[in-house]
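Secondary and tertiary structure notes
Next come the chains, spelled out residue by residue.
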Amino acid sequence: MPALTTTTDGFLLHGTPFRILSGALHYFRVHPDQWPDRLRKARLMGLNTVETYLPWNLHEPTPGTLDLDGLLDLPRFLRLAQQEGLHVLLRPGPFICAEWDGGGLPYWLTSDPDIRLRTSDPRFTDAFDRYLDLLLPALLPYMAASGGPVIAVQVENEYGAYGDDTAYLKHVESSLRSRGVEELLFTCDQTDGDHLTRGTLPGVLATGTFGSRVDTSLARLREHQPEGPLMCSEFWIGWFDHWGGPHHGRDAADAAADLDRLLAAGASVNIYMFHGGTNFGYTNGANHHHAYAPTITSYDYDAPLTESGDPGPKYHAFREVIARHAGVPDEPVPSPARKLPVTEVELTHRLALFQRLGHDGVHSADPVTADALGRRAGYVLYRTTVPAEGPGLLHFEGGVGDRAQVFVDGAPAGVLERERYDESLPVHVPRAGARLDVLVENMGRVNYGPRIGVPKGLLGPVTLDGEALQGWDCHPLPVDEVPPTAAFAPATTPTSAEPAFHRGTFEVDEPADTFLSLPGWTKGQAWVNGFHLGRYWNRGPQRTLYVPAPVLRPGTNDLVLLELHGTTTPRAHLRNTPDLGPTTP
């Protein structure tokens, strides 16, 4: 019998009435050394539970392999949650959305153009079953049935917004049950339209997702499910940002008032997000409704706990609401963490990116997509020669995925972005046989809707004045890790106009959180001591990258930037406050 059961209007935990007061906290968006701090702050706000998705694409990076290390050490996260006295809701998908690369679905699966994602297609369900065979043996000891903290597990994720394959949902349910998951299962859907009808299963608890119109949403949930607990499994209290868009926020008093309405109605809740964290590395997703829109590196979400783990206005407002309905710990509210003093970093060494071409390139008549080259994320360099000199019009049939920088004999010739500009570019070729380079950046795989799995790289032939350019060398660039220090040479000029790695060092007395600011830089990636902070771009709204204290060390620290365009300064700055752009409600 599961530890968490339902009555006609609520939950019982081990036979005692229980209300879920949960907050979303994604272990894979927080440095592992900071998990204890974030979990403690969840409990001190009055939460009794934390919720997390599981990113299939990182846990099974290649078929048949399982990664549970570092940021992905979910068993450790579960142990720490239990030590803090918190229960856990697990949301293993297979699809998670979460504004995460590919919605959590592995690229090696979604790159099959014929597969029917999130359906009963055996190519999809068999792959998910094999993943569960790898994953669940490591997680079953943490289920409540074995004395662990996990009290409920989700079946799929907002499926009613995507499809209506009930047999597929039943398969996911059966796959969990047959592999030893005894805990309460639940589905999660928006309460609008027919989402609840399409995305739910008999015998599985239906929960809703909404951020306002609490009374109406709960009424729709009760209409669909006449008996059982009312639960908002994603109470949206903020939002995420796209590059080039505004920084979203929500008034703390407004969000707290809706939380109060939820709890006054007797409902359980999962606050999305309690602590958003960061899309480190190449993990951000993208939306593609009317146009392609990649998500920024920060997943601050205007949450109660900021990206750097400090209590914000919502933390205090929500704690007051929870205190009225359920009580909160009689302990002091956490103070903001110490920040590193303002520091200037001189980037003194440089390495041209195109010097880092690997030996795993592919020669092809036409360009090969990044997916066909086995690249989940990052960059691909496409290189060929142009037969004749003079002006001409380059045309990229099929477009680019997602952003292409074009160079002729090493000189920048222009930029193309997926659906943002025309798929043609005028160029001047200085000589017959000139080298044409096209550097294509994957800005994040679509995480929601029917365009999941759309390929990256160059997506078709390239023509010049209507004539196909053929004979391409396609190089996946090795930029998952920083180059070795010995590969860098002293910079001979203070500025640079070519794609290059830049390296500098700075001193730290005592590690503390800080924020990397890059005025004068354009676009690229940043690493501190080899830890991949993620993507920066002067397009905004995000102007700083969060640097977690555990990434730093006493003494000398390394900063490496991969700058794709050029810089007007050899300096970067570490500041003690973030800049995510002006907030727009």
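Everything numeric here is computed off the predicted structure, so don't read it as measured data.

Conventions we followed
Residues numbered from 1 in each chain as written. Predicted model: local features only at pLDDT ≥ 70, side-chain atom pairs only at ≥ 80, totals over all residues. Heavy atoms only, no water. Pairing = 2+ DSSP bridges. Helix = DSSP H or I, 4+ residues; strand = E, 2+ residues; numbered from the N terminus. Axes fitted to C-alpha atoms, helices over the stretch in contact; angles between N-to-C directions. Expected span 1.5 Å × (residues − 1). Buried < 20%, exposed > 50% of the residue type's maximum accessible area, 1.4 Å probe, protein only. Arc of directions from axis to C-beta. Contact = heavy atoms within 4.5 Å. Polar contact = N/O pair within 3.5 Å; in protein donor to acceptor, adjacent residues only side chain to side chain. Salt bridge = Lys/Arg side-chain N within 4 Å of Asp/Glu carboxyl O.

The sheet built from six strands is open, its strands ordered E16-E27-E17-E23-E20-E21 with antiparallel pairing. This sheet does not close on itself; its edge strands, each paired only once, are strand E16 (362-364) and strand E21 (411-417). Going across the sheet, the axis of each strand differs from the next one's by a mean of 20°, ignoring polarity. Pairing geometry for E16 and strand E27 (residues 472-476), over three bridges, is antiparallel. Bridge pairing links Val 362 to Cys 474 in E27.

Attention now moves to unusual backbone geometry. Cis geometry is adopted by the peptide bond preceding Asp 402, which originates at Gly 401 and carries an omega value of 15°. Mapping Asp 402 onto the fold places it in the loop between strand E19 (400-401) and strand E20 (403-408). In this structure, the amide linkage connecting Gly 540 to the following residue, Pro 541, adopts the cis form with an omega of 10°. Its place among the elements puts Pro 541 in the loop between strand E32 (531-537) and strand E33 (544-547). Located in the positive-phi region is Glu 156, a residue other than glycine, with phi close to 55°. Here Glu 156 is to be found in the loop between strand E7 (150-154) and helix H6 (166-178).

Moving on, we come to helix H9 (residues 252-264). Compared with an ideal rise of 1.5 Å per residue, which puts 13 residues at 18 Å, H9 spans 18 Å between its outermost C-alpha atoms and is within 8% of the ideal. Burial in H9 covers these residues: Ala 252, Ala 255, Ala 256, Asp 258, Leu 259, Leu 262 and Leu 263. All buried residues of H9 fall inside an arc of 160° around its axis, so they share one side. Residues of H9 that are exposed and point more than 90 degrees away from the buried face comprise Ala 253 and Ala 264. Tucked inside the fold, the buried residues of H9 contact strand E4 (21-25), strand E9 (205-210), helix H8 (214-224), strand E10 (231-236), strand E12 (268-275) and helix H10 (313-325). A distance of 3.1 Å separates the backbone nitrogen of Ala 253 from a side-chain oxygen at the start of H9, and that oxygen is part of Asp 251. Remark: Gly 266 follows H9 within two positions and exhibits a positive phi of approximately 85°.

Glancing now at the pairing of strand E35 (residues 571-575). Residues Ala 572 and Leu 574 line the buried face of E35, whereas the alternating positions Arg 571, His 573 and Arg 575 sit on a face that is not buried. Across four bridges, strand E15 (residues 343-352) lies against E35 in antiparallel orientation. The residue bridging Thr 343 from the neighbouring strand is Leu 574, located in E35. The pairing of strand E30 (residues 514-517) with E35 spans three bridges and is antiparallel. From the neighbouring strand, Ser 517 faces E35, where its bridge partner is His 573.

Take the pattern of salt bridges next. Following the criterion strictly, the structure yields 35 salt bridges and no others. Put simply, Asp 194 and Arg 198 hold a salt bridge, and the shortest N to O gap is 3.9 Å. A residue is classified by how much of its surface remains accessible, and Asp 194, at 42% relative accessible area, is partly exposed. We classify Arg 198 as partly exposed; its relative accessible area is 24%. A salt bridge links Glu 417 to Arg 403; the shortest N-O distance between them is 3.5 Å. Linking Glu 417 in strand E21 with Arg 403 in strand E20, this pair joins segments that are 14 residues apart in sequence. Here Arg 403 falls in the buried class, since its relative accessible area comes to 7%. Linked through salt bridges whose partners overlap, the residues forming this network are Arg 250, Asp 254, Asp 258 and Arg 261.

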